[in-house]
Amino acid sequence: LPELLGSRMRRPPRIAFLIQAEVVAIATDLAEVIGGALALNILFGLPLVVGGIIVGVVSIGLLVVQSRRGEKTFEHVIIGLLIVIAVGFVVGLFYVNVDWGQAAHGLVPRFEGSQSVLLAASMLGATVMPHAIYAHSSLEIDRHGRDISDTLLPRILRSTRLETGVAMVFAGAVNVAMLLLAAAALPGVAGTDSILGAHAAIADRLGPIVGVLFAVGLLASGLASTSVGAYAGATIIDGLLKIKVPILVMRLVTLVPALIILAIGIDPTWALVISQVVLSVGIPFALIPLVWLGRDKLMSRYKNSIPLQVIAWLAVAAIVALNLVLIWLTITG
């Protein structure tokens, strides 16, 4: 995707697009490094800055695996971390009683004041992370190469569609499980508006084992996503400017802002929410070109059908509307 955009944009808009995409990559790292640092603080009592440095070092190790052992090994490591995330965040559901009728009612979209719009935007950014779109398109090239025969291409497209669908269902299930756990176990409990407070309440209500699993899932989430974020950042620069930035250099560039925020003592939970809002604002910049190119003659007989184009543009319009409402509410206070 970045490569196709780079070949179709003049230099000024290319630079502007690059800046917003790298801000998104930095926001991704900000969230994941802070999340990992909080997890290490919960598990071992480490200061947040020390935890952030450890997360950065481990993620560099994962990127070294990607560069030296290839995409397959990197993907297997990330899949392993995703399994840990699922166990860490889902196991608590077996210890609570969920009212499934109320849960279904809660899936109906609605807002209750400006704070709910802020949370909705942050949840959207956390679930549909724009950097994943750039990273996934690049991983496909790394995995299959550029010269694919006409007989092999349909099979690759089918397998990619299945893989992406399973990944989205998996991610959605884990996110819903986290929300259900909080809704069932923490209603009316004071102090749960922060990750540390939520962990303390979960450990108190559901036992220390569940509390530890929650922290382990949070740590695995930070390690997996921050590695992919740095990979996406390097891919964006390469595609738009034809400049190959070593992934490890990109890792350091996106890591530093997170460490600064941890060092100066900004509330980590507030920083997490804001970083996810930035991701939400960045989603249209990835989706609009993606949907546009999906109908382009470039796609030949594989271009999106008219019904799929309509659905895609409606989804983009809904996301843009949510972000515009958030910006308006923020300005008007």
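For the structure, see preceding data.
The following refers to the structure shown. (Residues numbered from 1 in each chain as written. Predicted model: local features only at pLDDT ≥ 70, side-chain atom pairs only at ≥ 80, totals over all residues. Heavy atoms only, no water.)

Thoughts on the packing of aromatic side chains
With the rule as written, the count across this model stands at two aromatic pairs. Aromatic pair Phe-17 and Tyr-134: ring centres 6.4 Å apart, planes at 90 degrees, arrangement edge-to-face. Separated by 117 residues along the polypeptide, Phe-17 in helix H2 (residues 11-44) and Tyr-134 in helix H7 (residues 130-144) bring together distant segments of the chain. You'll find Phe-17 and Tyr-134 in the same group, each marked buried. When the ring centre of Trp-292 is taken as origin, the NZ or CZ atom of Arg-295, which lies over that ring, is 4.5 Å away. (Phe/Tyr/Trp six-rings, centres within 6.5 Å; stacked < 30°, edge-to-face > 60°. Helix = DSSP H or I, 4+ residues; strand = E, 2+ residues; numbered from the N terminus. Buried < 20%, exposed > 50% of the residue type's maximum accessible area, 1.4 Å probe, protein only. Lys NZ or Arg CZ within 6 Å of the ring centre and 35° of its normal.)

Let's talk about the pattern of salt bridges
If you walk through the whole model with that rule in mind, you get three salt bridges. Between Arg-146 and Glu-3 there is a salt bridge whose closest N-O contact spans 2.9 Å. Of this pair, Arg-146 sits in the loop between H7 and helix H8 (153-185) while Glu-3 sits in helix H1 (residues 2-8), placing them 143 residues apart in sequence. Where Asp-238 meets Lys-244, a salt bridge forms, and the shortest distance between an N and an O atom there is 3.0 Å. (Salt bridge = Lys/Arg side-chain N within 4 Å of Asp/Glu carboxyl O.)

Brief notes about helix H13 (residues 306-332)
Compared with an ideal rise of 1.5 Å per residue, which puts 27 residues at 39 Å, H13 spans 39 Å between its outermost C-alpha atoms and is within 8% of the ideal. For H13, every residue scored as buried is listed here: Gln-309, Ala-312, Val-316, Ile-319, Leu-322, Asn-323 and Leu-326. On its buried side, H13 packs onto helix H6 (114-127) and helix H12 (268-294). (Expected span 1.5 Å × (residues − 1). Contact = heavy atoms within 4.5 Å.)

Notes on the environment of Leu-118
Examined against the element boundaries, Leu-118 turns out to sit in helix H6. For the pair Leu-118 and Ile-202, spaced 84 residues apart in the sequence, the C-alpha separation amounts to 24 Å. Residues in contact with Leu-118, not counting those within four places in the same chain, are Val-273, Val-277 and Leu-326.

Brief notes about the environment of Gly-125
Secondary-structure assignment places Gly-125 in helix H6. In sequence terms Gly-125 and Val-273 are 148 residues apart; their C-alpha atoms lie 9.4 Å from each other. Not counting chain neighbours up to four residues away, the residues in contact with Gly-125 comprise Gln-276, Leu-279, Ser-280 and Ile-283.

Observations concerning the packing of H6 against H13
The packing of two helices is summarised by the inter-axis angle and the distance between the axes. Where H6 meets H13, the closest approach of the two axes is 10 Å, and the angle between their N-to-C directions is 135 degrees. It follows that H6 is oblique to H13 by the angle criterion. The way H6 lies across H13 gives a crossing that is left-handed. Each of Ser-114, Val-117, Leu-118, Ala-120, Ala-121 and Leu-124 in H6 lies in contact with H13, whose residues at this interface are Ile-319, Leu-322, Val-325, Leu-326 and Leu-329. The residue makeup of the contact of H6 with H13, split by class, is 10 nonpolar, one polar and no charged. (Axes fitted to C-alpha atoms, helices over the stretch in contact; angles between N-to-C directions. Parallel < 35°, antiparallel > 145°, perpendicular 65-115°, else oblique. Left-handed = near helix turned anticlockwise from the far one by under 90°. Nonpolar A, V, L, I, M, F, W, Y, C, P; charged D, E, K, R; others polar.)

Some thoughts on the packing of H2 against helix H11 (residues 247-264)
Running from N to C, H2 and H11 point in directions that differ by 55 degrees, and their axes come no closer than 8 Å. Looking at the two axes, H2 sits oblique to H11. Note on packing geometry: the crossing formed by H2 with H11 is right-handed. Contacts between H2 and H11 involve Glu-22, Ala-25, Ile-26, Asp-29, Leu-30, Val-33, Ile-34 and Ala-37 from the former and Met-250, Arg-251, Thr-254, Leu-255, Pro-257, Ala-258, Ile-261 and Leu-262 from the latter. Looking at the contact of H2 with H11, its residues break down into 12 nonpolar, one polar and three charged.

Take it as geometry only, folks, not as evidence of what the structure does.
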